[in-house]
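Survey of secondary and tertiary structure
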Amino acid sequence: MRIGELAKQSGCDVETVRFYERERLLDAPAREANGYRCYTEAHLVQLNFIRHCRSLDMSLADVAQLLGLMDNPAADGAGVDALVQQQIARVRMRLTSLKALEKQLLALQSRCAAHGHGEHLASECPVLHELVVAAKGEACACHADRQGA
């Protein structure tokens, strides 16, 4: 199959397929006499594997490591478990960060709620005011817990 068909069947764009080839995550396909790439069902499975790993927010390096382990069935599978444990740790750190971000946004929103939820001119908008205050390097409502840090 050609690159367009592979992309369509996998649900990604042609440029994504080319990117994964350049990064050597997707095996290089054979070329037809006219120079077109000729992909197989194995490429589709490989591309779907890569995309699934990426949907789990795994890095390209992690995906490459997993592909390497798949290519070497005799390799120790402990590497896979370690990789998944590392990914879980990254997700947990991101969750902590997202909770802090939510707290900051709620602090901004409370300024708006106290002022009448959008019932004002932009020049009177408390959220815009807080963002400008922060841009000037001053203490703002959304980073109140970071003052003096």
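Here, every reference points to the structure presented above.
First, a word on scope: everything that follows refers to the structure included in this document.

1. Quick look at the nonpolar core
Ranked by size, the top nonpolar core spans 18 residues in total, and within it Leu6, Val17, Leu26, Leu47, Ile50 and Val63 carry the most contacts. Elements with a contribution of two residues or more to this core: α1 (3–10), α2 (14–22), α3 (41–55) and α4 (60–71). The dominant element in this core, judged by the number of residues it contributes, is α3, at four residues. Grouped together as the second largest cluster of nonpolar side chains are seven residues, Leu108, Cys125, Cys140 and Cys142 included.

2. Overview of unusual backbone geometry
The backbone of Arg24 sits at a positive phi, close to 65°, despite the residue not being glycine. Looking at the secondary structure, you find Arg24 in the loop between α2 and β1 (30–31). The phi dihedral of Asp57 falls on the positive side, at around 65°, and the residue is not glycine. Mapping Asp57 onto the fold places it in the loop between α3 and α4.

3. Digging into the environment of Leu6
By the element assignment, Leu6 lies in helix α1. For the pair formed by Leu6 and Glu41, sequence separation is 35 residues and the distance between their alpha carbons is 8.8 Å. Once residues lying within four places of it in the same chain are set aside, the contact partners of Leu6 are Met1, Val17, Leu26, Tyr39, His43, Leu44 and Leu47.

4. Quick look at α4
For α4, which comprises twelve residues, the first-to-last C-alpha distance of 16 Å matches the rise-based estimate of 16 Å (1.5 Å per residue) to within 8%. Residues of α4 that are buried include every one of Asp62, Val63, Leu66 and Leu67, and no others. Viewed end-on, α4 has its buried residues packed into an arc of 135°, placing them on one side of the element. For α4, exposure combined with an orientation more than 90 degrees from the buried face picks out Ala61 and Asp71.

5. Structural notes on the packing of aromatic side chains
Tallied over the full model, the rule gives one aromatic pair. Ring geometry for Phe19 against Tyr20: centres 5.7 Å apart, planes inclined by 55°, an arrangement best described as tilted. With a relative accessible area of 7%, Tyr20 lands in the buried category.

6. Some points on the environment of Lys8
Tracing the backbone through its elements, the reader meets Lys8 in helix α1. Relative accessible area serves as the criterion here: at 67%, Lys8 is assigned to the exposed category.

7. Let's talk about the side chain of His43
Within the secondary structure layout, His43 lies in helix α3. The class for His43 is buried, based on a relative accessible area of 9%. Apart from the residues within four sequence positions on either side, His43 is in contact with Leu6, Leu26, Asp27, Ala28, Pro29 and Cys38.

The rules behind each value
- Residues numbered from 1 in each chain as written.
- Predicted model: local features only at pLDDT ≥ 70, side-chain atom pairs only at ≥ 80, totals over all residues.
- Heavy atoms only, no water.
- Core = buried A, V, L, I, M, F, W, Y, C linked by side-chain atoms within 4.5 Å.
- Buried < 20%, exposed > 50% of the residue type's maximum accessible area, 1.4 Å probe, protein only.
- Helix = DSSP H or I, 4+ residues; strand = E, 2+ residues; numbered from the N terminus.
- Contact = heavy atoms within 4.5 Å.
- Expected span 1.5 Å × (residues − 1).
- Arc of directions from axis to C-beta.
- Phe/Tyr/Trp six-rings, centres within 6.5 Å; stacked < 30°, edge-to-face > 60°.

By themselves, these figures tell us nothing about what the structure is for.
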